[in-house]
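# Observations on chain architecture
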Amino acid sequence: MVFTRRMAALAAVVVIPLGIAATSFALTDSPEPPKVPAKVELESGSPTPAPTPTPTPSDEVVSRPPVTDDPASDDDDDDRGTGNDDDGPGDDG
């Protein structure tokens with residue numbers, strides 16, 4: 001009895017996906033080959049020139065913000081960590 005249940009479960013696992021795939025294959029339409037026109041006409045005359053690119057904005061110099069040691073304005077997230085003050089190779093500070 002256990003053998004038949006196993007066989008039924010195995011058959012369901014195999015047959016159901018195969019049935020879905022067969023149904024999907026049967027319901028799909030085959031695409032028609034593309035139709036090529038008998039004669040292709042190109043536009044006569046010289047090609048139109050490409051539009052000129054818009055000028056880029058000039059470089060604007062922006063002053064740096066003032067440097068402060070105020071802890072209230074400290075927005076760096078690097079002060080949270082494991083307590084190790086070594087930032088990596090070359091850190092001599």
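Described in the following lines is the structure provided in the data block.

Basis of the calculations
- Residues numbered from 1 in each chain as written.
- Predicted model: local features only at pLDDT ≥ 70, side-chain atom pairs only at ≥ 80, totals over all residues.
- Heavy atoms only, no water.
- Helix = DSSP H or I, 4+ residues; strand = E, 2+ residues; numbered from the N terminus.
- Buried < 20%, exposed > 50% of the residue type's maximum accessible area, 1.4 Å probe, protein only.
- Areas by Shrake-Rupley, 256 points an atom, 1.4 Å probe, with all protein chains shown as cover.
- Patch = residues over 30% accessible without salt bridge, like charges linked within 9 Å, V, L, I, M, F, W, Y side chains within 5 Å.
- Salt bridge = Lys/Arg side-chain N within 4 Å of Asp/Glu carboxyl O.
- Polar contact = N/O pair within 3.5 Å; in protein donor to acceptor, adjacent residues only side chain to side chain.
- Expected span 1.5 Å × (residues − 1).

### Structural notes on the overall build of the protein
A tally of regular secondary structure across the protein gives one helix and zero strands. Put simply, the protein has 93 residues, and 0% of those count as buried. With the model as given, the accessible surface of the protein reaches about 10,100 Å², and the carbon-plus-sulfur share is 59%.

### Quick look at a nonpolar patch on the surface
Among the surface-exposed residues, Phe 3, Met 7, Leu 10, Val 13, Val 14, Val 15 and Leu 18 lie close enough to one another that they form a single nonpolar patch of about 710 Å² accessible area. Relative to the assigned elements, Val 13 resides in helix α1 (residues 2–27). Exposure remark for Val 13: the relative accessible area of 58% places this residue in the exposed category.

### Things to note about the environment of Thr 28
Relative to the helices and strands, Thr 28 resides in the segment after α1. A distance of 2.9 Å separates the side chain of Thr 28 from the backbone oxygen of Phe 25, its partner in a polar contact.

### Regarding α1
Counted at 1.5 Å a residue, the expected span for α1 with its 26 residues is 38 Å, and the 37 Å between its end C-alpha atoms agrees. Little of α1 sits inside the fold, with zero of its 26 residues counted as buried.

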